[in-house]
Amino acid sequence: QNISTIESIKELFDTYLAPSQMKIIHRRIIGIGLFLFGLIAIGVFQLIKFGLPEPGTKTYILIGASFLMFFFLGRAFFVALKNVSEKRVESMDGIGFSTYTTSTDNDGHESVSYYYKIDETRFMVHSSLAYHTLLNGHQYRVYYLPNSKVLVNIEVLEAPSAQHAI
């Protein structure tokens, strides 16, 4: 009977997002939505003020780039909206490792992106402190948004050995 109660609690926890987590997702949706609205408003203003641009290679490149940016931002908006409408998270167990990637822009500025890798799935973490917190090679359970793979929570399933104690 105790095991079924624990499983019921786990199922409940696996299914729903906390109100504080919903607020974060709502902020993302509002931010992306306002950005898309701003892009559309700027485009309409440009058309009203300057009219249709002269046909040419630059015009077609600009129009194509605008459509691509609008498409990807719109996709991000609808993925975030779907996460909110479903109000659920999924969980996964596996061996965890922290990893990172670096990239350099045209100005020579290097940026670092930090990730937790649980089995073969990567979850972005937003600080080097969080990156350094994960103990590589231990068993973890992660809770994440199923549509965007945004990490909601992580818990260690295997107690760290004495050599990792601080």
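(A) Focus on the packing of aromatic side chains. Taken as a whole, this structure holds three aromatic pairs when the rule is applied. Judged by centre distance (6.0 Å) and plane angle (90°), the rings of Tyr 100 and Tyr 131 are edge-to-face. Placement of Tyr 100 in strand 1 (residues 90–104) and of Tyr 131 in helix 4 (residues 128–133) is noted, with a sequence separation of 31 residues between them. Here Tyr 131 falls in the buried class, since its relative accessible area comes to 12%. Pairing Tyr 114 with Tyr 131 gives two aromatic rings, centres 4.9 Å apart and planes at 45°, and the pair type is tilted.

(B) Structural detail: the sheet that holds strand 5 (residues 151–156). Spatially, the five strands line up as an open sheet ordered 3-2-1-4-5, and their pairing is antiparallel. Edge strands, defined here as strands with exactly one partner in the open sheet, are strand 3 (121–125) and strand 5. Taking the axes of each pair of neighbouring strands and ignoring which way they run, one obtains an average angle of 45° across the sheet. As judged from the five bridges shared by strand 4 (residues 138–144) and strand 5, these two strands associate in the antiparallel manner. From the neighbouring strand, Tyr 140 faces strand 5, where its bridge partner is Val 156.

(C) Geometry of the pattern of salt bridges. Summed over the entire model, instances satisfying the criterion amount to three salt bridges. One salt bridge in this structure joins Asp 93 and Arg 141, with 2.8 Å as the shortest N-O distance. Of this pair, Asp 93 sits in strand 1 while Arg 141 sits in strand 4, placing them 48 residues apart in sequence. Judged by its relative accessible area of 16%, Arg 141 falls in the buried class. The network of salt bridges with shared partners includes Asp 93, Arg 141 and Glu 155.

(D) Inspection of the pairing of strand 3 at higher detail. Note that strand 2 (residues 110–118) and strand 3 share five bridges and pair antiparallel. Bridge pairing in strand 3 links Tyr 116 to Phe 123. Counted along the chain from strand 2 to the antiparallel partner strand 3, the turn is two residues long, and its residue Asp 119 has a positive phi close to 55°.

The rules behind the values
- Residues numbered from 1 in each chain as written.
- Predicted model: local features only at pLDDT ≥ 70, side-chain atom pairs only at ≥ 80, totals over all residues.
- Heavy atoms only, no water.
- Phe/Tyr/Trp six-rings, centres within 6.5 Å; stacked < 30°, edge-to-face > 60°.
- Helix = DSSP H or I, 4+ residues; strand = E, 2+ residues; numbered from the N terminus.
- Buried < 20%, exposed > 50% of the residue type's maximum accessible area, 1.4 Å probe, protein only.
- Pairing = 2+ DSSP bridges.
- Axes fitted to C-alpha atoms, helices over the stretch in contact; angles between N-to-C directions.
- Salt bridge = Lys/Arg side-chain N within 4 Å of Asp/Glu carboxyl O.

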